[in-house]
Amino acid sequence: MHKTKPISLSMALLPILFLISLLSLNVYYYGDDSLSGANQMTLLLSGAFCAVLAVIQGTSWTSILEGIKKSISDALPALLILLLIGALAGTWLISGIVPAMIYYGLQIVNPTYFLIAACIVSAVISLATGSSWSTIATIGVALLGIGKALGMSEAMVAGAIISGAYFGDKMSPLSDTTNLAPAVAGTDLITHIRYMTYTTVPSIIITLIIFLFLGFNLESQSSANDINMILVAIESKFIISPWLFIVPAAVIFLIVKKVPAIPALFAGTLLGGLAAILFQTEIITELGAGNNYFQSSFISLMDAMSRDVSIVTENAMINELLSTGGMFGMLNTIWLIICAMCFGGAMEASGFLNKLSSSLMKMATNSASLVATTTGTCIFFNVTASDQYLAIIVPGKMFAESFKGKGLAPENLSRTLEDSGTVTSVLIPWNTCGATQAGVLGVSTLAYLPFCFFNIISPFMTMLYAIIGIKIRKIKA
């Protein structure tokens, strides 16, 4: 039996440096296409490199494998949600739900104010549902379609959608991360949300101002004639009716009623299929190509939920919007997440993550540096462990006593965890959140990252407050 050798900081850093080096080569050689396989292989190679170092240090392969299995197991709910999002996107397309959102949206949205409107709408829906993922997968997809039809940058529109969705997610009492952060830090939910407003509200205000400024300085590439052509193309293929919105309203209602995401999305998928059968008989007949309507319905719904489906119109501009990959379209993202979990599991089982985090704790000498170190640690776990829940739980446990030791109330910690752990997860391409939103929206993480202003500003805002010394609550005597 091998004895585990003491782990040095340089040893613990080696897998990280190896990962960063290979990822840099991927970006250089593949660009946006790096998510199609290169990044997955890089994560596996980095995990293997970590495992070799761990075995040399005396960690057994069995322990490493168990760590990887646990890491993947923790990500399974996210993987199931991804598959259901793919299926939901398929039935909501052929039912006319997403086309109807695009149709009505193009008639009421002014291109100048579209970015700020997309951010606000996403924030309101996410606040009501407590789920950034569900918001982006439903309303977000429709908003992206409207933005593309208006000739706007997909990356910019995705940034506005994600910024609003994560603001609403952070401030909603229904959100899992909003409940997780105070539970880990040792405070209550209402105190946590109230205390978050000090940093979150200024961050979203700055974000909205930036999007408003960008809107005034953007010129829509689509003329009124182009938009009319898109409307005509949608009308020529779909029965457009406000009744279609009953389905997304039902999904939002289920989530507000705290129905878990998986059954809520599954219900939304089935309702979308039912709406397709009732409203879009021509689409069903065209896609199903069966001998009777029952056969056509069965074939078209199965195809929409499981694989690539495209609805072709005479307008080439709208054809790109009327396509979906179903569950099959999510497999590349699932592949990425599994590989990321392999790397994160190996890092945790080897003890390398613990060594890195304990080294970071030594940097916290005062209140400001403690908040800054916690922020950095949350981001570090989002990069290395590839999971926002670990980026909240582990730093929360690590720094709870340190915050208490410096006389800081636990809501200081819970706010820092959310301002840095929750919102930055979507900015990491191989993180479960970053990979998911890139897959759902069809926009690479590195492309939308510069426009996720809320997610970028939030960790800096919480550190600024700590440095200036405002809104830093002390433990009551």
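Remember, it's a predicted structure, so these values are computed and weren't measured experimentally.

A. Quick peek at the layout of surface pockets. The calculated volume of the largest pocket comes to roughly 810 Å³. What lines the largest pocket is a set of 36 residues, and nearest its centre among them are P77, I81, D176, Q388 and Y389. Mapped onto the lining of the largest pocket, the elements with two or more residues apiece are α3 (61-94), α6 (132-149), α12 (261-279), α16 (331-349), α19 (388-405) and α21 (432-441). With eight residues, α3 is the largest single contributor of residues to the lining of the largest pocket. When its residues are assigned to classes, the lining of the largest pocket shows 18 nonpolar, 11 polar and seven charged. By volume, the second largest pocket is sized at about 510 Å³. Residue lining of the second largest pocket: 23 residues in total, with V141, S323, T324, V440 and L441 positioned closest to the centre. Along the lines of polarity and charge, the residues of the lining of the second largest pocket split into 11 nonpolar, nine polar and three charged.

B. Geometry of the nonpolar core. One finds I94 and L106 to be the most contacted residues of the largest nonpolar core, which totals 139 residues. For this core, the element with the highest residue contribution is α3, accounting for 13 residues. Apart from the residues lying within four places of it in its own chain, the contact partners of I94 are F238, A276, Q280, I283, I284, L287, S300, L301, A304, V309 and I311.

C. Fine view of a nonpolar patch on the surface. Where nonpolar side chains cluster on the molecular surface, the patch consists of L9, L13, L14 and L17 and spans about 300 Å² of accessible area. When you line up the elements, L14 lands in helix α1 (residues 9-30).

D. Region of interest: the side chain of S46. Take S46: it is sitting in helix α2 (residues 38-57). Apart from residues lying up to four places away in sequence, S46 is in contact with F18, L19 and F343.

E. Looking closely at the confidence of the model for the protein chain. In this model, the protein chain carries an average pLDDT of 85, and 95% of its residues clear a pLDDT of 70 or more. Across the protein chain, the secondary-structure element scoring lowest on mean pLDDT is helix α15 (residues 316-319), at 72, and the one scoring highest is helix α7 (residues 154-171), at 94.

F. The arrangement of the packing of α1 against α2 in detail. Following both chains from N to C, one finds α1 and α2 inclined at 160 degrees, their axes separated by 9 Å at the closest point. What the angle tells us is that α1 and α2 run roughly antiparallel. For the crossing formed where α1 meets α2, the hand is right-handed. Packed against α1, whose contacting residues are M11, L14, P15, F18, L19, L22, L23, N26 and Y30, the element α2 presents A38, N39, T42, L43, L45, S46, F49, C50, L53 and Q57 at the interface. In the contact of α1 with α2, the residues fall into 14 nonpolar, five polar and no charged.

G. Focus on the state of the cysteines. Taken as a whole and judged by the stated rule, the model has zero disulfides. The thiol sulfur of C119 is not disulfide-bonded, and the nearest other cysteine sulfur, from C452, lies at 9.9 Å. Looking at the unpaired C433, the closest cysteine sulfur is the one in C452, lying at 12 Å.

H. The arrangement of helix α18 (residues 367-384) in detail. For α18, with 18 residues, the first-to-last C-alpha span of 25 Å sits near the 26 Å given by 1.5 Å per residue. All of the buried residues along α18 are S369, L370, V371, T373, T374, T375, T377, C378, F380, F381, N382 and T384. Those residues of α18 that are buried lie in contact with α1, α16, α17 (352-361), α19, α20 (410-424) and α23 (453-468). Looking one or two residues past α18, S386 carries a phi angle of roughly 60 degrees, positive in sign.

I. Inspection of the pattern of salt bridges at higher detail. Under the criterion given, the structure shown has four salt bridges. A salt bridge links K237 to E286; its shortest N-O distance comes to 2.9 Å. Placement of K237 in helix α10 (residues 224-237) and of E286 in helix α13 (residues 281-288) is noted, with a sequence separation of 49 residues between them. Relative accessible area serves as the criterion here: at 18%, K237 is assigned to the buried category. For R307, the salt bridge goes to D303, with nearest N and O atoms at 3.1 Å. Assessed through its relative accessible area of 47%, R307 is described here as partly exposed. Taking relative accessible area as the criterion, D303 reaches 17% and is therefore assigned buried.

J. Structural view of the packing of α18 against α20. In the contact formed by α18 and α20, the axes pass within 9 Å of each other and the chain directions differ by 30 degrees. In this structure, the crossing between α18 and α20 has a hand that is right-handed. Where α18 approaches α20, its residues V371, T374, T375, C378, I379 and N382 are matched on the opposing element by L413, T416, L417, S420, G421 and T424. Its residues assigned to classes, the contact of α18 with α20 comprises five nonpolar, seven polar and no charged.

Basis of the calculations
- Residues numbered from 1 in each chain as written.
- Predicted model: local features only at pLDDT ≥ 70, side-chain atom pairs only at ≥ 80, totals over all residues.
- Heavy atoms only, no water.
- 1 Å grid on protein atoms, 1.4 Å probe; cavity = no way out; pocket = protein on both sides within 12 Å on 5 of 7 lines; lining within 4 Å.
- Points joined across faces, edges and corners; volume = space filled by probe spheres on them.
- Helix = DSSP H or I, 4+ residues; strand = E, 2+ residues; numbered from the N terminus.
- Nonpolar A, V, L, I, M, F, W, Y, C, P; charged D, E, K, R; others polar.
- Core = buried A, V, L, I, M, F, W, Y, C linked by side-chain atoms within 4.5 Å.
- Buried < 20%, exposed > 50% of the residue type's maximum accessible area, 1.4 Å probe, protein only.
- Contact = heavy atoms within 4.5 Å.
- Patch = residues over 30% accessible without salt bridge, like charges linked within 9 Å, V, L, I, M, F, W, Y side chains within 5 Å.
- Areas by Shrake-Rupley, 256 points an atom, 1.4 Å probe, with all protein chains shown as cover.
- Salt bridge = Lys/Arg side-chain N within 4 Å of Asp/Glu carboxyl O.
- pLDDT = per-residue confidence, 0-100.
- Axes fitted to C-alpha atoms, helices over the stretch in contact; angles between N-to-C directions.
- Parallel < 35°, antiparallel > 145°, perpendicular 65-115°, else oblique.
- Left-handed = near helix turned anticlockwise from the far one by under 90°.
- Disulfide = S-S within 2.5 Å.
- Expected span 1.5 Å × (residues − 1).

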